[in-house]
Every structure is written in C-alpha cells, then in structure tokens.
Amino acid sequence: MRGLALGDAFGETWFFRPAEVLETALVERWVKDGEWLWTDDTAMALSLLQILDRHDRVDQDALAAAFAAAYAADPYRCYGASMHDVLLAIGQGEDWEAVTRRQFDGMGSWGNGAAMRVAPLGAWFADDLDTVVSEAVRSAVVTHAHPEATAGAVAVAVAAALSVRGVPGDEFIAAVVDRVPDSEVASRLRRADRIASSSDPRHVAGMLGCGKQISAVDTVPYAIWCAAAHLDDLTEALWATALAGGDIDTTCAIVGGIIGARTGLTGVPADWLSSCEPLPAWVDDISDQP
Ligand SMILES: [Mg+2]
C-alpha cells in the first residue's frame, strides 16, 4: 500500500511540469519540491485494503459502498472521466452491477482503474495464487465490467503476489502471464516477456503503450515490464517507469505496489518519504498484523 501511494504521488508530480521540459526533467531527475499528493489510485486502493481488513475477502457490496463514500468525501483525486458517473450513481443507491455494466454502451470500462488499485490485494493473498486471481476479478468488476480491465487487475495482483514470493525478474513476466486469462493484456505481456530488461523504457513504451489511452491494455504490460526489470529497487523502478511519460501516476502506482510488496520502502530517499502525502493512520494498524 505504501509503495503504491509513493508511486502514485511521485508519478503525479510530473503533471505539474510544462510539456516542453518534461523529458529533460525526467532524464535529469528533477525532483519536485513541496508536498506530493496521491490521487485516485491510492484513494481506491485504500478502500480495497479497508474491505480486506474488515472481511478478509472482497465483499463486493461493501467495496462499492467504500469506493462511493471515498469519492463523495473527496472527489478531487483526478478520477477517470467515467468513474465520476459510476461512483456518483453508486453513492445515490443504484446497484453497482447495473451501473458498471452500462458504461461505454454496455461494454463496461476497460480503463486501468481496476489494475491501479489492486496490488495490495495480491500481497494480502500472496500465499494462494488461486485466491489472488479470483479475488482480483471480484474487486475489478465492481467498477470495470470489461474483460480487459479484469485481465489487467489479475495481472497486477498476481505480480504483487509473485513479488512477495521472491520470484526473480527473468522468470517474472512469464509467471504472471501464466495466470492471466486470454486477452490483449495477456498477449502484450507475452510480447513484454521477450523485451530485454536493459531496454530503454521509452522504446518499450512504443511497443506496449504507457497509459496514454488510460486502458488496462496500454498500461499494465508496460508497468509489469518496468517492475520486472527493477524488482529489488523501488526508487530506480519509479524513475524508469516515469521516463516514458503517459499515465505516470498510474504506471508508477502499479510498479510501486508490485515492488513495494517485496521491498517495502527500503532504499527510498528520505526527502521522497517526507514529500509524499501521508496515508490515514488506520493503515499502521494493518501493517502491524502478522
Ligand atoms: Mg491517478
């Protein structure tokens, strides 16, 4: 959860840069002064974590209610365009399944929102990959009914679980794909598995996407490739992930969640930790549990 929030807040700082200096700032690693605020990725992950803490599984009605309540309390977290409608309607008492299914002319959302929040769930159930997969699906469909969004969530949750389990980088992507349902997400992950971990992320983003379409398909394979290339170094992974641009808060939230599940915040510079907006105090109580 802390790795995800750090990645989200770090990634969001790049949206304050003028476009003409963005690449230079990323290459030269200019760190933003002042507070780094986290966004919808962290807000939704906190709701999911709270439901896991209360129920030890994804209670979908409770999760939908938690998402809607968090949105109503603080709607200015850069939620995706369709999520405003979804979370407002659920908050007004509509059935989440009906609301979610009618998005995008009945196809459901294939955005990256189900994937961006799910890494803590993968860590939570890390000792049982079947449960990781089934609970990731249950968490995804509360807001994202399209199978590609679900596949993206499964991939990220499995990646976080494998990260906890210490699977090495050169086996990582293949082990993730093994658990992802047939989809464009899975197909792009197979492509990612053939790209050398030493490649330039900007080049990799050209092949896989880096979230510019804010879809699961053009976000998740890139993020998992970046995570696999730096599994033991959260800070380096976030720099590499951000370098390609795109939906940086979300790609970095996913990478931060996956790697943080293994490393915690070890090695993260002190000024990053003091810049990052704190998480609510209840998260500390969860961390203390075995
Ligand atoms: Mg965001």
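Position numbers for residues count from 1 along each chain, tracking the sequence in the order it is written. Only residues with pLDDT of at least 70 get local features here, since the model is predicted, and only at 80 or more are side-chain atom pairs given and counted; chain-wide, interface and lining totals rely on the full set of residues. Side-chain calculation: all heavy atoms of the structure are included, whereas hydrogens and water are not.

A. Molecular detail of the UniProt feature "binding site: Mg(2+)" (unreviewed entry) in the chain. UniProt positions are given in the numbering used here, feature names are shortened, and annotations may be inferred rather than shown by experiment. This chain's UniProt record puts "binding site: Mg(2+)" (unreviewed entry) on Thr-39, Asp-40, Asp-41, Asp-247, Asp-249 and Thr-250. What stands out for the annotated residues spanning 212 residues is how close their C-alpha atoms remain, the widest pair being 12.4 Å apart. A run of DSSP states H or I qualifies as a helix once it reaches four residues; a run of E qualifies as a strand once it reaches two. Both are numbered from the N-terminal end. Note on placement: Asp-247 falls in the loop between helix H16 (234–242) and helix H17 (248–263). The buried label applies to any residue whose accessible area, calculated with a 1.4 Å probe on protein chains only, is under 20% of its type's maximum; exposed applies above 50%, and partly exposed to all values in between. On the basis of relative accessibility, which here comes to 10%, the residue Asp-247 falls in the buried class. Apart from residues lying up to four places away in sequence, Asp-247 is in contact with Phe-15, Asn-112, Cys-210, Gly-211, Lys-212 and Ile-214. Looking at the secondary structure, you find Thr-250 in helix H17. For Thr-250, a relative accessible area of 3% translates into the label buried. Contact definition: two residues touch when any of their heavy atoms are within 4.5 Å. In this view, Thr-250 contacts Asp-41, Asn-112, Met-116 and Thr-219; residues no more than four positions away in its chain are not counted.

B. Looking closely at the packing of aromatic side chains. Aromatic rings from Phe, Tyr and Trp, with only the six-membered ring used for Trp, were paired whenever their centres fell within 6.5 Å, and each pair was classed as stacked if the ring planes differed by under 30 degrees, edge-to-face if by over 60, and tilted otherwise. Tallying each qualifying case throughout the model produces eight aromatic pairs. Each ring, one from Trp-14 and one from Trp-239, has its centre 5.8 Å from the other, and the planes form 65°; the classification is edge-to-face. Residue Trp-14 is located in the loop between helix H1 (2–12) and helix H2 (19–27), and its partner Trp-239 is located in helix H16; the two are separated by 225 residues in the primary sequence. An identical accessibility class is assigned to Trp-14 and Trp-239; each is buried. Here the aromatic residues Phe-10, Trp-14, Trp-36, Trp-239 and Trp-272 are joined through ring pairs into a cluster of three or more. Both a distance and an angle decide whether a charge sits over a ring: NZ of Lys or CZ of Arg must be within 6 Å of the ring centre and within 35 degrees of the ring normal. Directly above the ring of Phe-16 sits Lys-32, whose terminal nitrogen or CZ lies 5.1 Å from the centroid. Looking at Arg-77, its charged tip hangs above the ring of Trp-38, at a distance of 3.9 Å from the centre.

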